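Here are the chains, one letter per residue:
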Amino acid sequence: MKKLLIGTITVCLVFAATADAARYGRANHLGSTRLSLAENDVDVLRFRNCRNGVHAIQLRASRGQVEIERLWVRYGNGERDVLNVRDRIPQGGSSRWIDLRGGNRCIVEMGIVGDTELSRDQARVDIWAK
């Protein structure tokens, strides 16, 4: 009976880890920033090296709820895109995957326009790419 219970628990843990890897496995953490309570706070992330092969971005919130109006991305060739997000992300939640125009791109700089809601302090926003 003990072996069956241990086997069942092991299978459940492996399944949970596999599901989590499938969900986030291909995602790479680009960086983090903090948004303040100020309406339309702007934070900019600059990357020393070009982040190659990025075709989609996801934002994840912690330490408070955030409202993201838009973000802009500057690519290695100098082009710049403004992506309207208009999304409220609860603490511990994430945005949808936001596709970049033009397929796989090289990102050198990224700006986030938004603010913190329902937080005493600044909320943290993690930027993930795939």
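Procedures and definitions
Residues numbered from 1 in each chain as written. Predicted model: local features only at pLDDT ≥ 70, side-chain atom pairs only at ≥ 80, totals over all residues. Heavy atoms only, no water. Helix = DSSP H or I, 4+ residues; strand = E, 2+ residues; numbered from the N terminus. Buried < 20%, exposed > 50% of the residue type's maximum accessible area, 1.4 Å probe, protein only. Contact = heavy atoms within 4.5 Å. Areas by Shrake-Rupley, 256 points an atom, 1.4 Å probe, with all protein chains shown as cover. Core = buried A, V, L, I, M, F, W, Y, C linked by side-chain atoms within 4.5 Å. pLDDT = per-residue confidence, 0-100. Phe/Tyr/Trp six-rings, centres within 6.5 Å; stacked < 30°, edge-to-face > 60°. Lys NZ or Arg CZ within 6 Å of the ring centre and 35° of its normal. Pairing = 2+ DSSP bridges.

Caption draft 1: Representation of the overall build of the protein chain within the structure. For the protein chain, the helix and strand inventory stands at 1 helix and 8 strands. Listing every helix and strand of the protein chain by position from the N terminus yields α-β-β-β-β-β-β-β-β. Per-residue burial over the protein chain gives 41% buried out of 130 residues. Within the protein chain, residue pairs in contact and separated by at least 24 positions form 78% of the contacts whose partners lie at least 6 positions apart. When the accessible area of the protein chain is evaluated, it comes to approximately 8,000 Å², of which 50% is carbon and sulfur surface.

Caption draft 2: Main features of the nonpolar core. Grouped together as the largest cluster of nonpolar side chains are 25 residues, with contacts concentrated most on I57, L59 and V73. Of all the secondary-structure elements, those providing two or more residues to this core are strand 1 (28–35), strand 2 (41–54), strand 3 (56–62), strand 4 (65–75), strand 5 (80–89), strand 7 (105–117) and strand 8 (123–129). With 5 residues, strand 4 is the single largest residue contributor to this core. Discounting chain neighbours no more than four positions away, the residues touching L59 are I68, L71, I89, G93, S94, S95, I112, V125, D126 and I127.

Caption draft 3: Region of interest: the confidence of the model for the protein chain. For the protein chain, per-residue confidence averages 82 on the pLDDT scale, and 80% of positions sit at 70 or higher. With pLDDT under 50 throughout, residues 10–24 is counted as low confidence; its partners more than four residues away or in other chains account for 5 contacts.

Caption draft 4: View of the packing of aromatic side chains. Going through the model one piece at a time under the given rule, you end up with 0 aromatic pairs. We note R80 situated over the ring of W72; from NZ or CZ to the ring centre the distance is 4.1 Å.

Caption draft 5: Spatial organisation of the pairing of strand 4. Burial analysis of strand 4 places 8 of its 11 residues in the buried class, the great majority of the element. Here strand 4 pairs with strand 7 via 10 bridges, running antiparallel. Its bridge partner being in strand 7, L71 is matched across the sheet by I112. Of the pairings in the sheet, the one linking strand 4 to strand 5 comprises 8 bridges and is antiparallel in character. Residue E67 lies in a different strand from strand 5, and its bridge partner there is R88. Counting the residues in the hairpin turn of strand 4 and strand 5 gives 4 residues, including G78, whose phi is positive at 95°.

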